[in-house]
Amino acid sequence: MKPRATSAHDLAALRTRLTAARGSEYWRSLDELAHTPEFQNYLHREFPAQASEWPDGASRRQFLKLMGASFALAGLTACTRQPINEIVPYVKQPEEIVPGKPLFFATAIEHDGFATGLLVESHEGHPTKIEGNPDHPTSLGAAGIFEQASILDLYDPDRSQAILNAGEISTWDAFLGAINSALAAQKTNQGAGIRVLTETITSPTLAAQIQTLLKKFPRAQWHQHQAISRDNVRAGSQLAFGEIVEPQYHFEKARIIVSLDSDFLFSHPQKLRHARDFAASRRIKDGRAEMSRFYAAESSPTITGAAADHRLPINSSEIENLARHLFAQIQNQSTPSSLDSSATRWLNAVASDLKQNSGANIIIAGESQPPVVHAIAQALNEALGNVGNTITYTASAEAAPIDQLASLKQLSQEMLAGQVELLVILGGNPVYTAPADIAFVNALTHVKTAIHLSPDVNETSTLCHWHIPQTHFLEAWSDTRASDGTISIVQPLIQPLYAGRSAHEVLAALIAQPVTSNYEIVREHWRQQNIWGDFEIGWRKSVHDGVIADSQSPPKSVRLKFELPPATVPAGNSDALEISFRPDPSLWDGRFANNGWLQELPKPITKLSWDNAALISPALAQKEKLANGDVIELLLNGRTLRAPVLVQPGQAENSIAVYLGHGRARVGHVGQGSGFNVYPLRASTAMWFSRGLEISKTGETYVPATTQLQNSVEGRDILFTGTVDDLRRDSHFVEAKIKSEGSDIPARDDTLYHPHEHDYNGYRWGMAIDLNTCIGCNACAIACQSENNIPVVGREQVRIGRNMLWIRVDNYFRGAPENPEVNNMPVPCMHCENAPCELVCPVGATVHDHEGLNLMVYNRCVGTRYCSNNCPYKVRRFNFLQFSDYHTPSLKLMRNPNVTVRSRGVMEKCSYCVQRISAARINAEIQNRPLRDGEVVTACQQACPAEAIVFGNIADPNSAVSKTKASALDYQMLGTLNTRPRTTYGAKLRNPNPQLESPA
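Below you will find a few notes about this structure.

**Observations regarding unusual backbone geometry**
If you check the backbone angles, D261 has positive phi at about 65° while not being a glycine. Looking at the element boundaries, D261 is found in the loop between strand 9 (256-260) and helix 9 (271-282). A residue is classified by how much of its surface remains accessible, and D261, at 9% relative accessible area, is buried. Even without glycine at this site, C913 takes up a positive phi of about 50°. Take C913: it is sitting in the loop between strand 32 (907-908) and helix 29 (914-926).

**Side note on the sheet that holds strand 4 (residues 164-165)**
An order of 5-4-16-15-14-6-7 is seen for the 7 strands of this open sheet, with the pairing classed as mixed. Of all the strands in the sheet, the pair left with one neighbour each is strand 5 (168-169) and strand 7 (221-224). Bridging between strand 4 and strand 5 involves 2 bridges; their strand directions are antiparallel. Paired with N165 across the two strands is E168, which belongs to strand 5. In the packing of helix 7 (residues 204-216) onto the sheet, the strands contacted are strand 6 (194-198) and strand 7, and the crossing angle to strand 7 comes to about 145°. Across the sheet, helix 14 (residues 404-416) touches strand 6, strand 7 and strand 14 (422-426), and the angle it forms with strand 7 is around 125°.

**So, the pattern of salt bridges**
A full pass over the atoms with the stated rule returns 45 salt bridges. In this structure, D584 engages K603 in a salt bridge whose closest nitrogen and oxygen atoms are separated by 3.0 Å. Of the two residues, D584 sits in the loop between strand 19 (577-582) and helix 20 (596-600) while K603 sits in the loop between helix 20 and strand 20 (614-616), which places them 19 residues apart along the sequence. K603 matches D584 in its accessibility class, with the two residues each being buried.

**A word on the pairing of strand 15 (residues 449-454)**
Most of strand 15 sits out of view: 6 of its 6 residues are buried. Burial along strand 15 is two-sided: T449, I451 and L453 and A450, H452 and S454, pointing in opposite directions, are all buried. Relative to strand 15, strand 14 runs parallel, the two being bridged by 5 bridges. Note that in strand 15 the partner of V424 across the bridge is I451. One ladder, built from 4 bridges, connects strand 15 with strand 16 (residues 466-469); its direction is parallel.

Thresholds applied
- Residues numbered from 1 in each chain as written.
- Predicted model: local features only at pLDDT ≥ 70, side-chain atom pairs only at ≥ 80, totals over all residues.
- Heavy atoms only, no water.
- Helix = DSSP H or I, 4+ residues; strand = E, 2+ residues; numbered from the N terminus.
- Buried < 20%, exposed > 50% of the residue type's maximum accessible area, 1.4 Å probe, protein only.
- Pairing = 2+ DSSP bridges.
- Contact = heavy atoms within 4.5 Å.
- Axes fitted to C-alpha atoms, helices over the stretch in contact; angles between N-to-C directions.
- Salt bridge = Lys/Arg side-chain N within 4 Å of Asp/Glu carboxyl O.

In short, the description is geometric, and any link to function would need to be established separately.
Right, here's the structure in full:
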């Protein structure tokens, strides 16, 4: 019997439904929980409304007429003589280049100033895929979404392709003439009118060039501005220790982890290493039911908070009060509580756990929290004996760690006062990202000569006198530091595609440096450092390895000098609304707004694609009578903004979260019209959150693109979770749980398939995904897209259900909407042993190969979509339109030549990276040996920072994947269907505190 539909915002009715549910009920959205008509429409249609090419009212006669015409045209096309294109072979093929065989080069990328080590795959001289460098301490072989998607920025046809002067195309020589004239005018006053504005700088060579400029012009000044800055981290360490240091967290050693509004698994400079180490502390090894316990307090759900055993939704402005109470409890000080009952209960449990595990804790504060919260966190680490064990300190990796907000304010004031005659902006987009009250736009108009180096003509470029196209990091030599101090040489893989220049070249022009090529500038800097006995050997080894050996900062001894200052934020909960500003999980601060992969990537938790929204709690939605898509007006300190609403389970009740990075005024064609711009509400006095927000309903609606309801397998047992106590009581609790819910897996012979249909030849490929360590970061999805030439389809196509990603990362909620448990689940093709898709294909396009792979033969597919209808996992994607761009020249260089670029009208899906299997097999056959375990690594497996994916030969009982599948936690998704999927899952475990599990 179907449940009756209720309102998605009637919290009382939803709680009643959850109470009446049998067993553990998982849900993906409030619409699903309420069984609204919208959800029922998704559920009862294999393809959502408008996802079919044919109108809903098309008759069978019309269908046949259209199809007849299509087949006739197809025949004509097949008989058409294609145009002849000449090809030019190598006159003499370079020794190191073998067509079809990629080369890999080590390099590094900077994100917000800090380095991540990379290995970049290159085919015939053009890079095609980015991986992590296993030898780099920040990446450890993993690669996140920003690192991988940066290759699309390299080939972006909207990149700036010419030097501009007052909007007109100019030349580098003309620019040098203009800059020399401006510098000559500054010699008499020692450069008093010169200002250089950069983002965070960790490049030793670039910092040395800037210092050379400042010596040549002693009165010139260097300013820094980063939209997502670490000002609070710097100020917090200054408050705690009297000096700026960088905390180094060792999550693999921690038994208790407490996050105070920190998204350390996603937005920290060492996020990839943190994810690896955090997963190590949570992974069940050798069947031992031991794992760390994680507490998180945050205002808006993040992937870090979703991984917590106990998450506390709390306004960002209340985190300081929470931290102060925790500090008092650890110091055994009595203090009157100004927290509500749920926060007090959470706090008492945290304090008790921390005391019982002294020396094995980590307390970490988020970048959005004020300096006092960071200082309290470090004081707690000191008091609990964590320093030297789970946390160490090093010197800051920044070339000039300063208060960047104060620096930008000073620069703006000096520009307004007419004191700046020459402004050189190296990277960034301050016109777009600067706080609204600083009035940077107005200040910029008072500068005599403004120069902007950037990869595209953005909001800042249009207001500057000169725009210089900036090279991509894969086009120019440089160097950079990771947050632990490790230095990498940035090695280019391709000549600049356009007339790009690097920051090194622009600075060389400013200081009249005789050697102007990037290579010579960087090389000469390191020659002068004299750190290698033989410079040539040391240089070549550092370039080859991607890191300069032993360059990480040594541990630094610091002494706590912290005294808790009086509270600056009124304590206690307030009914006043709060707004919190967050970097967009896909676009960050807006620099990736023209990156189609990241625009289309469904954001963690919200599953928004191509859009941002005002995230509000279910309670606030009910109070204000708001629903998804309602447009509201936000009023903060006299500034207004209109935004659509998205009701987000787990959002703090009186907090509204908004993502930065959308609504760009000057952006390429990909990012045009994407979302709304939040920066006009952001002031220098409240960079991350602010109370006093007012909202009002406008009566307008806007339906954001989201994938949350798509590909639903509602009502089926696809996710199994438990606790470490469950595992201690019964090592086979997953199997027992499956049986207890009446979902026992049938015997192998209970099938319509012939039991001996498949005769495998030595290899049977399979995959195991550990849900216990998966953090839902989307690295696997972008890796798959880059590796397999998956096209971008656009906002409207996503909205009607045509997302093409071969891996989706589902969210499943459990519990009350106010603070549900969140579970992530990556879902690629299952590669079923008994594949339902294979039986129904009328042309044999989906086939089972001799190694157990379920493959697609694109040339056979005629687009009936029967296979998708018959797939219980909803993992097949139909190429409705010509999504792949065959015509843009630059994009042709980016594609993986070993993977077909699909045309419209075919079904596609995960192939277990069959091209990588084939390449490894050929290599093994040449060497006359079998494939070794671990020799084949899929793209998703290679990118995963948590090492949650294991792939290999399940016919080998000693392979890593076989051993993983032998775990008692391993299970098959929808195993009751007897499809025998090759992809299996490890059940998700949590380590709850019994003190918080019992009724209050």
